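Now for the letters of each chain:
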Amino acid sequence: MNWESRKIILGVTGGVAAYKAVDLASRWTQRGAAVRVRMTPAACRFIQPLTFESVTRSEVISEIWHPVGTHDRPEHIGAGDDADVFVIAPASADHIARLAHGFGDDVVCLTALAWDGPTVLCPAMNDRMWQNPAVQTNIRILQERGFHIVGPGMGHLACGSTGPGRLADLDEIDEIVSGLIAARELS
Ligand SMILES: Cc1cc2nc3c(=O)[nH]c(=O)nc-3n(C[C@H](O)[C@H](O)[C@H](O)COP(=O)(O)O)c2cc1C
């Protein structure tokens, strides 16, 4: 597969697993894809945009008041013009709710509103949060809307619990994203 001409939007939201998204950004960049990282303000409390900028060699946008961004249109609109896939990893419970209900108050959900391509959503949170009926209902809404939900995985959680809630294995996320990119290459 030719990664050189491929573009991935990586949305990072506020959870402990935000640091793992750096690995995803790095592996796709190393293959030659353009990785454009968009972060919520909460995500920036967990990890610095500079880390993503260093591995992707590209500006990170973390606020909606960014008039033009990397396109000649508002960033949240322009981002969708030429990207292949939108990956949100990790996706917080809060962000999943905002996506399910069409909010546009941060750059990640605003970009999602203006995006009509494939979206991969990778939830990561405490096990009781994941099992909360509100979260489950929101996940179902997004699934029915065509989002590709990857994970969460089972195991040790940062909060000290064990259960469902870990960010899916990075190889699993990578495999789904690679498959979606390959499908776009064929279409
Ligand atoms: C130390 C700490 C860790 C957190 N970890 C998570 C997490 O792993 N998953 C999650 O859904 N929310 C987590 N939260 C809560 C979110 O950060 C919070 O709901 C925030 O509003 C999410 O914002 P965002 O969706 O705009 O990124 C955590 C909060 C704190 C203080």
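Being a predicted model, the structure only gives us computed values, none of them experimental.

**Q** Could you clarify how one ought to interpret the overall build of the chain in this entry?
**A** From N to C terminus, the chain includes nine helices and seven strands. In summary, the chain has a C-alpha radius of gyration of 15 Å against a globular reference of 16 Å for 187 residues, a match within 12%. Projecting the C-alpha coordinates of the chain onto the three principal axes gives extents of approximately 45 × 35 × 35 Å. Within the chain, buried positions represent 44% of all 187 residues.

**Q** Help me understand the site of the ligand, please; the structure alone is not making it clear to me.
**A** Taken together, 16 residues lie near the ligand, and G14, G15, A42, S92 and H95 sit nearest. Grouping the constituent residues of the shell around the ligand by class yields eight nonpolar, six polar and two charged.

**Q** Please clarify how helix α8 (residues 133–144) should be interpreted in this entry.
**A** Residues spaced three or four apart along an α-helix point in a common direction, a consequence of the helix completing one turn every 3.6 residues. Taking 1.5 Å of rise per residue, twelve residues should cover 16 Å, and α8 covers 16 Å from first to last C-alpha, within 8% of that figure. Where α8 is concerned, the buried positions are V135, N138, I139 and L142. Taken around the axis of α8, the buried residues stretch over an arc of 100°, which confines them to a single face. Residues of α8 that are exposed and angled more than 90 degrees away from the buried face: P133, Q136, R140 and E144. On the buried face of α8, the contacting elements are α5 (93–100), β4 (119–123), α7 (127–131) and β5 (148–149).

**Q** Even after reading the chapter, I still don't get the nonpolar core, so can you show me in this structure?
**A** The nonpolar side chains of soluble globular proteins are, as a tendency, buried together. Membership of the largest hydrophobic core comes to 53 residues, with the highest contact counts inside it found for I8, L10, V85, V87, A89 and C122. By residue number, the principal contributor to this core is strand β3 (residues 85–91), which donates six residues. Sequence-distant contacts of C122, that is, excluding residues within four places in its chain, are made with I88, A89, P90, A91, V150, G151, L167, A168 and I173.

**Q** Explain the environment of S187 here, please?
**A** Following the sequence through the fold, S187 ends up in the segment after α9 (170–186). Among the residues examined, S187 registers 5 C-beta atoms within 10 Å and is labelled exposed. Along the primary structure S187 and I88 are separated by 99 residues, whereas in three dimensions their C-alpha atoms are 23 Å apart.

Conventions adopted
- Residues numbered from 1 in each chain as written.
- Predicted model: local features only at pLDDT ≥ 70, side-chain atom pairs only at ≥ 80, totals over all residues.
- Helix = DSSP H or I, 4+ residues; strand = E, 2+ residues; numbered from the N terminus.
- Rg over C-alpha atoms; globule rule 2.2 N^0.38 Å.
- Buried ≥ 20, exposed ≤ 12 C-beta atoms within 10 Å, placed from the backbone.
- Near = placed C-beta within 6 Å.
- Nonpolar A, V, L, I, M, F, W, Y, C, P; charged D, E, K, R; others polar.
- Expected span 1.5 Å × (residues − 1).
- Arc of directions from axis to C-beta.
- Contact = placed C-beta atoms within 7 Å.
- Core = buried A, V, L, I, M, F, W, Y, C linked by C-beta atoms within 7 Å.

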